[in-house]
Amino acid sequence: MRYNEKELQALSRQPAELAAELGMRGPKKGSVVKRRLVKLVVNFLFYFRTDEAEPVGALLLEHCRVAQEEPSGFSISFIEDPERKYHFECYSEEQCQEWMGALRRASYEFMRRSLIFYRNEIQKMTGKDPLEQFGISEEARFQLSGVKA
């Protein structure tokens, strides 16, 4: 994926939906758990050294799987390479559940499916397309053909 490093750094400075210091272990064999400031901004998960302002890295949360690994830990893997997992350790099971829910809701695909679902529900209740007033037609690009949200 191509990205502009300055834009990505600017995005990392935006207010976070969720942020915490977590234990993190990368996908490399022999990788050890390190404390990282982890910050969820839109559909990017940024991770920082605890004493630095610039991110060490970022994960784009598209086409990924979030799975609970232990009561207070979870992993993120990507569909194109499921063996490449990033592991995270939380302070509690509640914090783990909060992170897993936020990460699952962060993808564009989840937001698109939610928009379609609520658009259809409002249309059923009112008989009107709630997006029509904004000039968004039935053929809008976020529409899924033949798939129910």
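Source: prediction; values computed, not measured. (Residues numbered from 1 in each chain as written. Predicted model: local features only at pLDDT ≥ 70, side-chain atom pairs only at ≥ 80, totals over all residues. Heavy atoms only, no water.)

### Side note on the overall build of the chain
Here is step 1 of the chain: Each helix and strand counted, the chain has three helices and seven strands in total.
Here is step 2 of the chain: Long-range contacts, defined as pairs at least 24 residues apart, comprise 43% of the intrachain contacts of the chain with a sequence gap of at least 6.
Here is step 3 of the chain: A total of about 10,000 Å² of accessible surface is found on the chain, and carbon and sulfur atoms cover 51% of it. (Helix = DSSP H or I, 4+ residues; strand = E, 2+ residues; numbered from the N terminus. Contact = heavy atoms within 4.5 Å. Areas by Shrake-Rupley, 256 points an atom, 1.4 Å probe, with all protein chains shown as cover.)

### Focus on the layout of surface pockets
Here is step 1 of the chain: Empty space within the second largest pocket amounts to approximately 310 Å³.
Here is step 2 of the chain: If you trace the second largest pocket, you find 13 residues lining it, with Arg25, Gly26, Pro27, Ser31 and Tyr47 closest to the centre.
Here is step 3 of the chain: Elements represented by at least two residues in the lining of the second largest pocket include exactly strand E1 (18–25), strand E2 (34–41) and strand E7 (81–89).
Here is step 4 of the chain: Residues that form the lining of the second largest pocket fall into these classes: six nonpolar, two polar and five charged. (1 Å grid on protein atoms, 1.4 Å probe; cavity = no way out; pocket = protein on both sides within 12 Å on 5 of 7 lines; lining within 4 Å. Points joined across faces, edges and corners; volume = space filled by probe spheres on them. Nonpolar A, V, L, I, M, F, W, Y, C, P; charged D, E, K, R; others polar.)

### Points about the pairing of strand E6 (residues 73–78)
Here is step 1 of the chain: Of all six residues in E6, six are buried, a share of seventy percent or more.
Here is step 2 of the chain: Counting the residues in the hairpin turn of strand E5 (residues 64–70) and E6 gives two residues.
Here is step 3 of the chain: Counting the residues in the hairpin turn of E6 and E7 gives two residues. (Buried < 20%, exposed > 50% of the residue type's maximum accessible area, 1.4 Å probe, protein only. Pairing = 2+ DSSP bridges.)

### Quick notes on the pattern of salt bridges
Here is step 1 of the chain: Going through the model one piece at a time under the given rule, you end up with seven salt bridges.
Here is step 2 of the chain: One salt bridge in this structure joins Arg13 and Glu54, with 3.0 Å as the shortest N-O distance. In this pair, Arg13 is assigned in the loop between helix H1 (5–12) and E1 and Glu54 in the loop between strand E3 (44–49) and strand E4 (57–60), connecting sequence segments 41 residues apart.
Here is step 3 of the chain: Judged by its relative accessible area of 31%, Glu54 is partly exposed.
Here is step 4 of the chain: Across the pair Arg112 and Glu109 runs a salt bridge whose closest N-O atoms are separated by 3.1 Å. Of this pair, Arg112 and Glu109 both sit in helix H3 (residues 108–126), three residues apart, which is roughly one turn of the helix.
Here is step 5 of the chain: The class for Arg112 is buried, based on a relative accessible area of 16%. (Salt bridge = Lys/Arg side-chain N within 4 Å of Asp/Glu carboxyl O.)

### Quick word on the nonpolar core
Here is step 1 of the chain: The biggest cluster of nonpolar side chains holds 23 residues, and the ones touching the most others in it are Leu40, Leu45, Phe74, Ile76, Phe88, Trp99 and Leu103.
Here is step 2 of the chain: Within the residue set of this core, elements represented by two or more residues are E1, E2, E3, E6, E7 and helix H2 (93–105).
Here is step 3 of the chain: The greatest single-element share of this core, amounting to five residues, is contributed by H2.
Here is step 4 of the chain: For Leu40, the contacting residues outside a window of four places in its chain are Ala16, Glu17, Leu18, Leu45, Leu61, Trp99, Ala102, Leu103 and Ala106.
Here is step 5 of the chain: Among the nonpolar cores identified, the runner-up in size contains five residues, and Leu8, Val41, Phe44 and Phe46 belong to it. (Core = buried A, V, L, I, M, F, W, Y, C linked by side-chain atoms within 4.5 Å.)

### Quick notes on the state of the cysteines
Here is step 1 of the chain: Applying the stated criterion across every chain, the model contains zero disulfides.
Here is step 2 of the chain: Unpaired in terms of disulfides, Cys96 finds its nearest cysteine sulfur in Cys90, a separation of 4.5 Å. (Disulfide = S-S within 2.5 Å.)

Function cannot be inferred from these measures alone, as they are strictly geometric.
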